Amino acid sequence: MNMHATTHDELHAEMSDKFDTDAMAQESTLLNPRFYTTAFDELDRIDVTPVRAEWDKLIGQMKSDPNKGHFKKNADWDKVDWEGMEPKLKREFIDFLVSSCTAEFSGCVLYKEMKRRGKNPDICELFNYMARDEARHAGFINDALREAGVAVNLGFLTKAKKYTYFRPKFIYYATYLSEKIGYARYITIYRHLEANPEQRFHPIFKWFKEWCNDEFSHGEAFALLMRTDPKLTESFANKLWIRFFLTAVYSTMYVRDHARPAFHEALGVDIDWYDQEVFRKTSEIAKQVFPMELDIDHPRWMPNLKRMERAFRKIEAGAKQGGVAGQIAKFAAGAQAAWAFVALYTIPVKKSTPPVSVRLEPAY
Ligand SMILES: [Fe+2]
Ligand SMILES: [Fe+2]
């Protein structure tokens with residue numbers, strides 16, 4: 001046991017809560033939000049000259065800080081009945097908040113590190129604004145968790161979480177996608193609850209519209225960064241990587257969302273519908289920079305997502321079971337998940353040509 005774990009356990013001994021949110025946030029499985037690190041010096045060498053006009057406009061918008069006062073509880077923040085919440089829903093909702101908070105904070109840590117290490121004024125300015133936004137997002141979710149008597153210890157998480165190294169180009173693909181998918185997720189829930197306000201079981205959803213605009217502009221920034229080097233999206237190998245990231249990000253989201261049935265039921269959202277809707281919006285947006293989109297209406301798409309989800313449930317069951325039998329079950333299910341992934345990855349993509357002007361505005 002390392003020192004962090006000891007301090008952490010001691011801290012937790014004082015908290016008499018059944019949710020170990022730090023452990024939930026710290027968990028590094030294939031499905032949980034990750035922490036990233038990259039070759040910061042390479043990122044720092046980017047020259048934004050080819051996209052200067054669009055860049056300056058976007059940076060100007062971020063500098064004006066339209067959401068400066070948004071992430072504060074006000075009169076719209078209705079009292080939450082945590083005690084009266086159905087236990088399964090409570091567990092899933094807390095899991096949702098913890099994983100969202102971890103994802104937001106993971107962005108914050110990566111962006112802040114880039115800002116700290118960089119010398120390129122354009123890059124530093126951008127990453128400074130993005131770190132600012134993500135810190136607010138993570139902090140706001142943590143405020144909501146605190147009301148439930150739990151919170152993620154963000155300082156602890158920075159030290160304890162494992163960091164995954166990604167080459168800068170993989171950071172572009174993965175982060176661009178996670179920002180745009182974040183936008184699509186937040187706005188889809190927001191619009192659904194706007195039409196069905198009786199299903200808004202927690203006030204945090206009221207904050208999602210302005211919130212997702214931040215994610216939208218972060219995605220715009222990565223789109224511009226990718227545009228500075230056409231090879232990133234045009235070379236044969238990189239196209240395969242983009243397909244890989246699209247497939248991995250979409251299928252991970254599908255599996256993760258299906259692990260929270262009570263949460264989606266409380267929102268009145270059919271998970272298959274919701275996920276397809278989010279994929280559709282994300283794919284439409286991503287055409288701004290990616291020369292293809294996944295064919296999510298292909299006959300092989302849904303069945304293999306379902307296959308993958310079942311495989312992940314078996315992996316989890318195997319892990320719980322333990323022992324040799326559990327190991328074998330886990331291994332067999334792992335192979336099934338891998339096959340499902342291959343089946344998804346090999347679905348022919350729909351090719352497209354990104355427009356001359358990359359910039360988009362949030363339209364959903
Ligand atoms: Fe965020
Ligand atoms: Fe973001």
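Residues numbered from 1 in each chain as written. Chains lettered and ligands numbered in written order. Predicted model: local features only at pLDDT ≥ 70, side-chain atom pairs only at ≥ 80, totals over all residues.

> Just to check I follow, could you spell out the overall build of the chain for this structure?
Counting its regular elements, the chain contains 15 helices and 4 strands. Against the globule reference of 21 Å for 364 residues, the chain gives a C-alpha radius of gyration of 21 Å, in line with a compact fold. In terms of overall dimensions, the chain has C-alpha extents of about 55 × 50 × 45 Å along its principal axes. Partitioning the intrachain contacts of the chain with sequence separation of at least 6 by distance along the chain shows that 81% fall at a separation of at least 24. (Helix = DSSP H or I, 4+ residues; strand = E, 2+ residues; numbered from the N terminus. Rg over C-alpha atoms; globule rule 2.2 N^0.38 Å. Contact = placed C-beta atoms within 7 Å.)

> What is the right way to look at the packing of helix α14 (residues 301–321) against helix α15 (residues 323–345) in this model?
For any two helices packed against each other, the geometry is given by the interaxial angle and the distance between the axes. Viewed as axis vectors pointing N to C, α14 and α15 meet at an angle of 165 degrees, and their least axial separation amounts to 8 Å. Regarding the angle of α14 to α15, the classification is roughly antiparallel. The element α14 and its partner α15 pack so that their crossing is left-handed. Its residues assigned to classes, the contact of α14 with α15 shows 15 nonpolar, 7 polar and 3 charged. (Axes fitted to C-alpha atoms, helices over the stretch in contact; angles between N-to-C directions. Parallel < 35°, antiparallel > 145°, perpendicular 65-115°, else oblique. Left-handed = near helix turned anticlockwise from the far one by under 90°. Nonpolar A, V, L, I, M, F, W, Y, C, P; charged D, E, K, R; others polar.)

> For this particular structure, what's the right way to read the packing of helix α8 (residues 168–195) against helix α9 (residues 208–227)?
Remark: α8 packs on α9, axes separated minimally by 8 Å, with the N-to-C direction vectors making an angle of 155 degrees. The pairing of α8 with α9 is recorded here as roughly antiparallel in orientation. Crossing hand, α8 versus α9: left-handed. Where α8 abuts α9, its residues Tyr 172, Thr 175, Tyr 176, Glu 179, Lys 180, Gly 182, Tyr 183, Tyr 186, Ile 187, Ile 189 and Tyr 190 lie against Phe 208, Lys 209, Trp 211, Cys 212, Glu 215, Phe 216, His 218, Gly 219, Phe 222, Ala 223, Leu 225 and Met 226. Here the contact of α8 with α9 is composed, by residue class, of 15 nonpolar, 4 polar and 4 charged.

> Any chance you could explain the nonpolar core here in plain terms?
One broad trend across soluble globular proteins is that nonpolar side chains are buried collectively. Residues Leu 97, Cys 101 and Leu 145 are the most contacted members of the largest nonpolar core, which totals 79 residues. Split by domain, this core shows at least three residues from each of two domains, domain 1 (18–294) and domain 2 (295–350). (Core = buried A, V, L, I, M, F, W, Y, C linked by C-beta atoms within 7 Å. Buried ≥ 20, exposed ≤ 12 C-beta atoms within 10 Å, placed from the backbone. Domains from an automatic or database assignment.)

> Honestly, the domain arrangement of the chain in this entry has me stumped. Any pointers?
Interfaces are often described in size by the accessible area the parts lose on coming together. Partitioning the chain into structural domains gives domain 1 (18–294) and domain 2 (295–350). Taken over C-alpha atoms, the centre of domain 1 sits 25 Å from the centre of domain 2. Across the boundary between the two partners, domain 1 contributes 14 residues, which contact 12 residues of domain 2. A per-element tally of the side of domain 1 that touches domain 2 places helix α11 (residues 236–258) first, with 7 residues. For the side of domain 1 that touches domain 2, the residue count by class is 6 nonpolar, 5 polar and 3 charged.

> I would appreciate a short explanation of unusual backbone geometry in the present structure.
With the exception of glycine, most residues fall at negative phi, and the peptide bonds are largely trans. Look at Asp 65: it is not a glycine, yet its phi comes out positive at around 50 degrees. As for its placement among the helices and strands, Asp 65 is situated in the loop between α4 (52–63) and α5 (87–117). Residue classification places Asp 65 among the exposed residues on the basis of 12 C-beta atoms within 10 Å.

> What is the right way to look at the environment of Cys 101 in this model?
The topology assignment puts Cys 101 in helix α5. A residue is classified by how many C-beta atoms lie within 10 Å of it, and Cys 101, with 27 of them, is buried. Between the C-alpha atom of Cys 101 and that of Val 152, which follows or precedes it by 51 residues, the distance is 7.9 Å.

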